[in-house]
Amino acid sequence: VHLVESRGGLVQPGGSLRLSCAASGFTFSSYAMSWVRQAPGKGLEWVSAIDSGGGSTSYADSVKGRFTISRDNAKNTVYLQMNSLKPEDAAVYYCNVYYWNKDYWGQGTQVTVSS
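Residues numbered from 1 in each chain as written. Predicted model: local features only at pLDDT ≥ 70, side-chain atom pairs only at ≥ 80, totals over all residues. Heavy atoms only, no water.

Caption draft 1: Structural view of the overall build of the protein. In terms of regular secondary structure, the protein is built from 0 helices and 11 strands. Compactness check: the protein gives a C-alpha radius of gyration of 13 Å against a globular reference of 13 Å for 115 residues, within 12% of the reference. Counting all 115 residues of the protein, 42% fall into the buried class. Restricting the contact set of the protein to residue pairs at least 6 apart, pairs at least 24 apart contribute 52%. Computed over 10 positive and 8 negative side-chain charges, the separation of the two mean positions in the protein equals 4 Å. (Helix = DSSP H or I, 4+ residues; strand = E, 2+ residues; numbered from the N terminus. Rg over C-alpha atoms; globule rule 2.2 N^0.38 Å. Buried < 20%, exposed > 50% of the residue type's maximum accessible area, 1.4 Å probe, protein only. Contact = heavy atoms within 4.5 Å. Lys, Arg positive; Asp, Glu negative; His and termini not counted. Charge placed at Lys NZ, Arg CZ, Asp CG, Glu CD.)

Caption draft 2: Main features of the sheet that holds strand E7 (residues 67-72). Strand order in the open sheet formed by 4 strands is E1-E3-E8-E7, with antiparallel pairing between adjacent strands. With partners counted over all chains shown, the strands left at the sheet margins are strand E1 (2-5) and E7, one partner each. Within the sheet, the average angular offset between the axes of one strand and its neighbour, ignoring direction, is 15 degrees. Note that E1 and strand E3 (residues 17-24) share 4 bridges and pair antiparallel. Directly across from Val4, in E3, lies its bridge partner Ala22. (Pairing = 2+ DSSP bridges. Axes fitted to C-alpha atoms, helices over the stretch in contact; angles between N-to-C directions.)

Caption draft 3: Region of interest: the pairing of E3. Burial of the side chains of E3 is restricted to one face: Leu17, Leu19, Cys21 and Ala23 are buried, whereas none of Arg18, Ser20, Ala22 and Ser24 on the reverse face is. Pairing of E3 with strand E8 (residues 77-82), which is carried by 6 bridges, proceeds in the antiparallel orientation. Bridge pairing in E8 places Cys21 opposite Val78.

Limitation: the analysis is restricted to geometry and does not speak to function.
And the structure:
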């Protein structure tokens, strides 16, 4: 299993950023995917998840209405569209899959929200 997140970046408060995560090594279209983040000095925070077909999504209250998760099973890629970013959204973002009773993570991508 290999998960590779796109590069994050520096965004001003109120701005937008789209993350992507390219997956390989497993049948992507058969597994739910998640995004998780870790802010400096804090623990992991689950952000969002999407089912294998893309028809069902869920979000943490902290991002609901601002973030949108989606996937393209033809491209083995999951996305996280982040709008109306706040300073408290700054974190390292990881995509995640639970595969054969084990969590797999990407390398993480830094998102900085600052003016």
